[in-house]
Amino acid sequence: MAHGSFPGRNPTPSSFRERERLINQLQADPVFRVAWEMNQLVEHGYCTPMGGNVSMRLSNGIMAVTPAHVDKRLLLPDDIVYVNIASGNYDGGPKHRQPTSETDLHREIYQQTEAAAIVHAHPRSTVFLAQLDGNMGQQLINALSTGVPEYAVSWATDEGDAKASVTKEYEMMWSKELARQVATEFAQGKTIVVMRNHGPIAIGATMTQAVEQIMLLEELCSHALLKAMFGQQLLHTEAIPEQLRGNLVTAGTSYLKMVNEGNK
Ligand SMILES: [Zn+2]
């Protein structure tokens, strides 16, 4: 077989046209976009097939939101449900589908902010941070916002504050208390909130911004954990709580010992 005809190696003009069609549809159709982003989050390991939820604000006070109890790998635009943001009433979409269990959370955020899109997932390093005791998670986020790699400097505000926060009190998922607590954080200017003992939820003026927040925080958290495990100092190590730093170094030391013993 000629090198140039190997499928997938050199994109052919027809695959570019297919890609162009897909991108045009993603840009033009919010419902298509909501389904696509949910597919992508699961495919890239940001949540399990039954986890996570995504929505977009449409005109006339309606949001398009992912359904509950559906394998998100198989989600199609026809599965997306329309909900009235003010009342919470069903406003269209497949009758056999229920909107996400976190519908009240999405509604509350749209009511208290000008967000156009909301993304919630369970990426593993951010969830680790969400499970830290006391204010260690927030301290780690603050440290990340000053020690970010150059490409990610836009993640912090001009004053150097993190655009992310960890909720101070644990509130149960699906509860109105959680919805109010998280929406208040966004109303105060945060763009991503880590729900304690649960995971991150992000907003954006576009879907791209919301997804970028989720992926960037996950990337920063995993960098920090890896660096700490291998005994490297973060740029602003003093901002990392001592107890957490000690635990990470201990974990890194036993990991390296295990790797070395395995190599003998
Ligand atoms: Zn969740």
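Before going into details, it helps to say that this report is about the structure given with it.

Procedures and definitions
- Residues numbered from 1 in each chain as written.
- Predicted model: local features only at pLDDT ≥ 70, side-chain atom pairs only at ≥ 80, totals over all residues.
- Helix = DSSP H or I, 4+ residues; strand = E, 2+ residues; numbered from the N terminus.
- Buried ≥ 20, exposed ≤ 12 C-beta atoms within 10 Å, placed from the backbone.
- Expected span 1.5 Å × (residues − 1).
- Contact = placed C-beta atoms within 7 Å.
- Axes fitted to C-alpha atoms, helices over the stretch in contact; angles between N-to-C directions.
- Parallel < 35°, antiparallel > 145°, perpendicular 65-115°, else oblique.
- Left-handed = near helix turned anticlockwise from the far one by under 90°.
- Nonpolar A, V, L, I, M, F, W, Y, C, P; charged D, E, K, R; others polar.

### Some thoughts on unusual backbone geometry
Peptide bonds are, in most cases, trans, and in most cases residues other than glycine have a negative phi.
And then number 1: Positive phi is not limited to glycine here, since Asn60 has a value of about 65°.
And then number 2: Mapped onto the secondary structure, Asn60 falls in the loop between strand 1 (53-57) and strand 2 (62-65).
And then number 3: For Asn60, a count of 8 C-beta atoms within 10 Å corresponds to the exposed category.

### Brief notes about the environment of Ala183
And then number 1: Looking at the element boundaries, Ala183 is found in helix 6 (residues 176-187).
And then number 2: Considering only alpha carbons, one finds Ala183 and Gln112, 71 residues apart in sequence, at a separation of 6.3 Å.

### What to know about helix 6
And then number 1: The terminal C-alpha atoms of helix 6, which comprises 12 residues, lie 16 Å apart, in line with the 16 Å expected from a rise of 1.5 Å per residue.
And then number 2: Along helix 6, the positions that sit buried rather than exposed are Leu178, Ala179, Gln181, Val182, Ala183, Glu185 and Phe186.
And then number 3: Those residues of helix 6 that are buried lie in contact with helix 3 (103-112), strand 6 (164-166), strand 7 (192-195) and strand 8 (199-204).
And then number 4: After helix 6 finishes, the residue Gly189 shows a positive phi value of roughly 110°.

### Description of the packing of helix 3 against helix 6
And then number 1: Two numbers describe how helix 3 lies on helix 6: the axes approach to 8 Å, and their chain directions differ by 30°. The orientation of helix 3 with respect to helix 6, classified from their angle, is roughly parallel. Remark: the crossing between helix 3 and helix 6 carries right-handed chirality. Residues Asp104, Leu105, Glu108, Ile109 and Gln112 of helix 3 touch helix 6, and the partners they reach there are Lys176, Leu178, Ala179, Arg180, Val182, Ala183, Phe186 and Ala187.
And then number 2: Taken together, the residues of the contact of helix 3 with helix 6 break down into eight nonpolar, one polar and four charged.

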